[in-house]
Structures are given as C-alpha cells and as structure tokens.
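Tertiary structure, described
What follows is the residue order along each chain.
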Amino acid sequence: MMIFNKELIKGNLTTIVLSSLGNEERYGYEIIKRLDESSDGAFKMKEGTLYPLLHNLEFEGYIKSKEKKSESGRKRKYYQITKSGMRLLSEKKKEWNSFKLLVDHLVARREGQYA
Amino acid sequence: MHETTKEYINQALKGVWSPFFRRRIRREIIDHIKDVSLEKNINEPTAVKFLGEANEANFLYQKLMYRKLKSDSIFYGGIFSFLFISGLYFTYSQIEEYRLWSLSKYERIEKNYKKEVLGINHFRRSKEKKNAALFLDAVFNDKDKLTSDNFLSKLHEFDHWDPAKSITGDKREYFKYTVISPRRITQLAKFATVALKKAQNKLQARKNYIKVAELIYSTETMAGYRVANNMIDKSLFDKKGKLQFYFKTRANRSSGTTWGVLNLMPQIVSFEKTFKNVNYYNAGICHHSYDFWFSDILYQEFTKASFPFEKNWNEEHQAIKNIKNKMKLDCRLSFLDITSPPKPINRKSMWVTGPEEKPFRFIYENLIVAISQVPYIRNLAGRYLVYRTSISIQGDGEKIYSKL
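Residues numbered from 1 in each chain as written. Chains lettered and ligands numbered in written order. Predicted model: local features only at pLDDT ≥ 70, side-chain atom pairs only at ≥ 80, totals over all residues.

**Focus on the overall build of chain A**
Within chain A, the secondary structure is distributed over 4 helices and 3 strands. By residue count, 22% of the 115 residues in chain A fall in the buried class. Expressed as a percentage of contacts within chain A between residues at least 6 apart in sequence, the contacts between residues at least 24 apart total 44%. (Helix = DSSP H or I, 4+ residues; strand = E, 2+ residues; numbered from the N terminus. Buried ≥ 20, exposed ≤ 12 C-beta atoms within 10 Å, placed from the backbone. Contact = placed C-beta atoms within 7 Å.)

Next up, the structure:
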C-alpha cells in the first residue's frame, strides 16, 4: 500500500475532512472511519489531530457542532458543514482539480522528454 | 478512567489554561476513546494508541486556544470600550444637564408646589395634652396585634401618642432611643389604610386615616416619621395625581446627577441649594433630618476608603455632616440627640416599612448593608445611597409638613 507524503496530506486536510462530512452530521470517530473506508485503508489519520482541526474549522465558521443523543443513548458531539463551509469546499475542489491537471501536465511533459 | 488515558489527556492539555477549552478537549478525547473501544471492541489503552502523539495534538490545541482568546479579547474589548465611552458620555451629559438647569425655572415650580402643599396642614403641632398610649395599650394584645376593630373614631379624642408612656408592649432599643416596638406603629398604619380602602363613608375614613398618621408622627420616633410620611404620600397621591407633576419634576431634576461617576459634590450642592429656601427647609426639616441621619450612618461605612485607589469621600462626608448638624439644631426631635450610630449596622437598625411597602425591602436593605462593607464595591453602593437620599429630599419623598 502506498504511503503518502505527510506534507501533501497536511496541505489538503481541510478539503478531505469537509468532503468526508458531505451533507450529513457526523461525530469524530465516524469521520475517521469514513476516511479509512473510502480510501481502502490508504489514508490513515492520527485521530488525536482530528479534533484540533475540527475546532479550527468550527472557529472559522465552516462547520458547526451540536450535541445529540446517539442510538446507543450516549451523548455525542455531531459536526455538520455550514454554507460557508460548502463554498470553501467547492473552491478547494476547484483548486485541487486545477492543481492536479497542472501537475499531470507537467509530469507528462517531463516523462515525454525522457521517453 | 485508565492511566494511559489520563496520561494522554494531561500531555495534550499541557499549557492549555483556558478552563472552558480544557473541559471541552477532555470530554472530546474521552468520548472518542469510548467510541473507538466500543466499535473496534478493543481495550482503552489500545484505543488511546490510535490517537497518536499527544505532543502533536497539544501543539495544535495551544495554537488554537491563543487564536480564540485573541479574537475573544477583540470582541469583548470592543464591547467594553463602547460601554465605557457611552458611560463617560452619559455622565458628562448628566453633569451638563445639571449645570444648565435654570434655577428660575426651579423656583417657579417650587412656588407652585408650596402654594399647593403648605395649604394642607396635616401635622399641626398640638399642645399635647392627651396621650393615646394607654388607650392604644388596650387595643393591642401582647403580641402587638390589634384586637379591636372599632377604635379609629375614638382616636380623635387624643392629640398625641407618646409610646414611652405605654405600660404594655415590646419596647426595644432603636438607635439607642427606647421606643415602643415599631410593630405597633406599622400595625396601626396598615389598619387605617385597609379601613380607608374598605370604608363606605370615605370622608370619615379619610379623617381617621389622617388622624392615625398624625398620632404616629407625634411619636417622635424614626419609625413614626417614616410611616407617617408614607401614609401622607399615599393620601396625596390618591387625589387623582394632582401633585404628581411636582413630584415628578423634582425627581427628574435630582436624577440629573444621580450617577455622577466623577464626584458627588454636585448632588450635595443641590441639597444645599434646596435648603437655602427657608420656607421649604422649615416645612420638611424633621423629615430631612431623619433622612440625613439615616444616610449618614451608611455613609460612614462606604466613606472609609482605606484601600489603595479607593475614592476618598471626605469632602462629601463633611458637607453632609454640616447639613446634618444644622438640621439637628433646627429640629427639636429627641432622636437627633444620638451621637453614636449602632455598630455593626444591620437591617433592623436601618429600616421600618411603611403600611404599603413590600417586605422584600428587607432583603434589599440587607444587600445594601453587605455591599457597603466590601472595599471598592462600597463606592458604588455609596453613590446609590446618595441617589436615594436625593430622591427622598428632592423627589417624591418631599414631605408636606406645615411650619412647626
């Protein structure tokens, strides 16, 4: 399994976490589980760093949290993306796609040169 | 909680001193560990391992806390500055309002006021030949409760009430002046008030009511003054608000300097101006003396100013003392001979409720007594008390006595 560069992940954590929230309310561990499942285990996030990130996003107003009773009856904090979070996510996605295209283009040209 | 969890939390919270933030983080971590151990069916120490390095989380939490505190301080600092500037502006405008007050306008109101109220001679001094004390002994039981309900008209036979001549009744020290229990005074006042409300013959009931007020006034006790004043106030207000305009105007005027943050001298100067009006001064002298005497006891608490940067109130205190001493000479009442107020002050030595005053005043007075003994905060309490005195003297507490 490929291990990604730490810096690469760090630069895109906000986009990744906001994407994993989607339009639903999720609690902390659920976000981690979802990231793990959708990357087939390739994306491993240190769980301890998720909460500071969530705090930060909440402070910026990109997500909001509320306490709710879970199915098991325990009280949990659920996070939900806000409108401004949606806007940020869409911008980040655009930015990522353009960046990806640029990198693809640059890498392909390089490969052509050496071919 | 397992030791590993405790260790992780301690490490993650190192240097995070904001209590609210700490509480939130602690709860989050514990919840997460519970979720992981339940869903993965693993034990607590293993679940803690999934959290990664505590130092890494600690660094992020600290960074976040300082960012949040910075934004909070901008927010609350902004609100505080706004309130502070508004407060200064308000104080300044209040003082200006006081300065701009036209004295001639005040004198015109004063003239109209006196014309109205001095015509009502409620408390004419009698020759004091017939004391109601023994008669009232008979209508009160041992607990100072009224036993008879048909005695009001008989009170007209008496011209004064000297409670010291009573044989029965609970006597107590009241500002070092032995008087009959204020309970009798308030009971009698309440009785007359209820009788006035229920009476078919309003004219007679009103005469009885005024007579009771007059007898209570003649007790020459602070309780008596307080209650009689209250009764007469109510009686005047019943006259379709005829005098309310004057009361209101005066109350407005005195509120001009109510919350002066800078000093209280304008307030005291306004007292002095008011008392320079000889007729007015004479008309209310004993009542004003009572107010000043009462207030001065409290002022002694809050004018101590023994802590660093506490405002020194000597100037105000001296001015009040001068007014008080003059009044002491002019009012013949025996309670003004007292030279030392009771210590420590408490609500019992402070206040007697009038017939229609609500009992919660006791809690309020207790609070004022307590606050007046706390350094720094007593300054605020003191300002409020001066305000109270001013309302009493210049506002709706202005009493309507004819010349003694």
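What follows picks up the thread again.
**Points about the nonpolar core**
A:Leu21, A:Ile63 and B:Ala12 are the most contacted members of the largest nonpolar core, which has 31 residues in total. Dropping the residues within four chain positions of it, A:Leu21 is found in contact with A:Arg26, A:Ile31, A:Ile63, A:Tyr79, A:Gln80 and A:Ile81. B:Ala192, B:Leu196, B:Val227 and B:Ala228 belong to the second-largest nonpolar core, a separate cluster that totals 23 residues. (Core = buried A, V, L, I, M, F, W, Y, C linked by C-beta atoms within 7 Å.)

**Things to note about the sheet that holds strand E1 (residues 26–27) of chain A**
All names here are of chain A. Ordered in space as E1-E3-E2, the 3 strands form an open sheet in which the pairing is antiparallel. With partners counted over all chains shown, the strands left at the sheet margins are E1 and strand E2 (63–69), one partner each. Sheet topology note: the E2/strand E3 (residues 75–81) ladder contains 7 bridges and is antiparallel. Across the sheet, residue Lys69 finds its bridge partner in E3, namely Lys75. (Pairing = 2+ DSSP bridges.)

**Side note on the confidence of the model for chain B**
Residue and element names in this part refer to chain B. Across chain B, the average pLDDT comes to 69, with 52% of residues at 70 or higher. Under a pLDDT of 50 for its full length, residues 334–341 has, in the predicted model, 15 contacts with residues more than four places off or in other chains. Across the interfaces of the predicted complex, the ipTM metric reaches 0.78, alongside a pTM of 0.43. (pLDDT = per-residue confidence, 0-100.)

**A look at the environment of A:Lys83**
Tracing the chain through its elements places A:Lys83 in helix H4 (residues 83–114). Once the C-alpha coordinates of A:Lys83 and A:Tyr62 are considered, the two residues, 21 residues apart in sequence, prove to be 7.4 Å apart.

**Notes on the pairing of E3(A)**
All names here are of chain A. Strand direction decides the pairing type here: E1 and E3, joined by 2 bridges, are antiparallel. Following the sheet pairing, Tyr27 is matched in E3 by Tyr78. The hairpin formed by E2 and E3 contains 5 residues between the paired strands, and Gly73 there has a positive phi angle of roughly 95°.

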